[in-house]
Amino acid sequence: MAVGFPPAMGLTVVGSIAFDAVKTPFGERERMLGGSAVHFALAASFFAEVRVVGPVGDDFGEAEYAVLRERGVNVDDIERVEGGKTFFWAGEYHWDLNSRDTLDTQLGVFADFDPKLSPAAQGAETLFLANIQPDLQRRVRALCGEARLVGLDSMNLWIETAREALLHAIAEVDFVFMNDAELRQLTGQPNLVRSAREVLALGPRAVVAKQGEYGAALFTPEGFFALPAYPLETVVDPTGAGDSFAGGFLGYLAAQGADAQVDERMLRRAMTYGSVLASFNVEEFGTERVQRLTPEEIDARFEEFRSMTSFEAVESA
Ligand code: AMP
């Protein structure tokens, strides 16, 4: 399989590059590397050659770049704004970790972000529009004319403040990754299945409904597939789980090559890699666990998912 093999295909991600302050029942971090593009890139880096696009301020230091570089992520398209401040987000999780409050969002350099992509970033086969303002997502989509596999994530903030732009953005992508509450909010439809069908009708070829500790469900025009989350006894910090999921999912698809037909089997494997990467992400704060993750650990957990989700008799459980 692809994990650990030389990266096959280019993958560009645009999204937030951040400092996060996070408090969970298990501890807190006052300022750690985060951002949707960062979590995605680290997860996808196990499968493909990843380029991160996004702005940072001059408070973004060598140590932060090094986390990305050490995973082989290309940082040439990170735009450093002298005198600017890196995006900052603060959140606090409740005791069961299923819900969180955003305590602070400081856009910093994101307020004036005008995406400029190098030719290499624009030529990527695979593109992920991580959670940022939907008009920005659309501009990057338009710049990456050759992208064949395009994914998008979003959040309640944009559903509330830029719904029309988000609907247009969704119509221009192949894969939508949103949590189930966001799908319901976007469509105004309380039933998740109907809600996913409504989003599919906008144009994407698949909708992934992320369900936190309950796993994730895949809706396509032809079918349905769902996986539980990996049963972890200790979850420390769920921040970035969704982006890591998308990184495993799209990274795996990118590694299959330009000629690969994305069929149901491939999508189910992508769901599994997404679930594997998300499960590692939440074991520790921020990027800490994924930074020292190995391809062997990914492969081992992938096989555990196989036996965990089969309802045929297994020879050795
Ligand atoms: P997730 O847990 O998947 O929702 O992603 C968490 C990451 O999203 C954190 O590392 C934050 O830095 C980032 N984030 C939070 N709010 C926003 C926002 N409004 N725009 C872009 N990124 C955000």
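One can find the structure itself at the top, above this paragraph.
For the structure given in this document, a descriptive report is provided here.

### Notes on helix α10 (residues 264-281)
Spacing of three or four residues puts side chains on the same side of an α-helix, whose turn is 3.6 residues. Under the 1.5 Å per step criterion, the end-to-end length of α10 is 26 Å for 18 residues, consistent within 8% with the ideal 26 Å. Of all 18 residues in α10, 15 are buried, a share of seventy percent or more.

### Let's talk about the packing of aromatic side chains
Under the definition given, this model contains 15 aromatic pairs. Measuring from centroid to centroid gives 5.9 Å for F87 and F110, while their planes differ by 80°, and the two rings are edge-to-face. Of the two residues, F87 is situated in strand β6 (residues 87-93) and F110 in the loop between β7 (100-106) and α3 (119-122); the sequence distance between them amounts to 23 residues. By relative accessible area, which is 8% here, F110 ends up buried.

### Considering the packing of helix α1 (residues 36-44) against helix α9 (residues 241-255)
Interhelical geometry of α1 versus α9 gives an angle of 40° and a closest axis separation of 7 Å. Classified by the angle between their axes, α1 and α9 sit oblique to one another. As α1 packs across α9, the resulting crossing turns out to be right-handed. Side by side, α1 and α9 meet where S36, H39, F40, A43 and A44 of the first sit next to D243, S244, A246, G247, G248, L250 and G251 of the second. Classifying every residue of the contact of α1 with α9 gives five nonpolar, six polar and one charged.

### Structural notes on the site of the ligand
Around the ligand, a shell composed of 17 residues is seen, among which S16, D20, G35, R100 and G240 lie nearest. Here an oxygen atom of the ligand sits 2.4 Å away from a polar atom, N or O, in the side chain of D20. In the model, an oxygen atom of the ligand is placed 2.9 Å from a nitrogen or oxygen of the R100 side chain. Here the ligand has 510 Å² of accessible area as a free molecule, and 90% of this is covered by the chains. Of all the secondary-structure elements, those providing two or more residues to the shell around the ligand are β2 (18-24), α1, β6 and α9. Within the shell around the ligand, the residues separate by chemical class into five nonpolar, nine polar and three charged.

### Examining the sheet that holds strand β4 (residues 49-57)
The strand order across the open sheet formed by nine strands is β5-β4-β1-β8-β9-β10-β11-β12-β13, and the pairing between neighbours is mixed. The open sheet is flanked by β5 (78-81) and β13 (224-227), the only strands paired with a single partner. Averaged over all pairs of adjacent strands, the angle between strand axes in this sheet comes to 15°, irrespective of strand direction. Pairing analysis gives five bridges linking strand β10 (residues 175-179) to strand β11 (residues 206-210), with the strands arranged parallel. Opposite F177, over in β11, you have V208 as the bridge partner. Sheet contacts for α1: β1 (10-14), β4 and β8 (126-129); angle to β1, the most-contacted strand, approximately 165°. Contacting β10, β11, β12 (216-219) and β13, α10 crosses the sheet at an angle of about 25° to β13.

Definitions and cut-offs
Residues numbered from 1 in each chain as written. Predicted model: local features only at pLDDT ≥ 70, side-chain atom pairs only at ≥ 80, totals over all residues. Heavy atoms only, no water. Helix = DSSP H or I, 4+ residues; strand = E, 2+ residues; numbered from the N terminus. Expected span 1.5 Å × (residues − 1). Buried < 20%, exposed > 50% of the residue type's maximum accessible area, 1.4 Å probe, protein only. Phe/Tyr/Trp six-rings, centres within 6.5 Å; stacked < 30°, edge-to-face > 60°. Axes fitted to C-alpha atoms, helices over the stretch in contact; angles between N-to-C directions. Parallel < 35°, antiparallel > 145°, perpendicular 65-115°, else oblique. Left-handed = near helix turned anticlockwise from the far one by under 90°. Contact = heavy atoms within 4.5 Å. Nonpolar A, V, L, I, M, F, W, Y, C, P; charged D, E, K, R; others polar. Near = heavy atom within 4 Å. Polar contact = N/O pair within 3.5 Å; in protein donor to acceptor, adjacent residues only side chain to side chain. Areas by Shrake-Rupley, 256 points an atom, 1.4 Å probe, with all protein chains shown as cover. Pairing = 2+ DSSP bridges.

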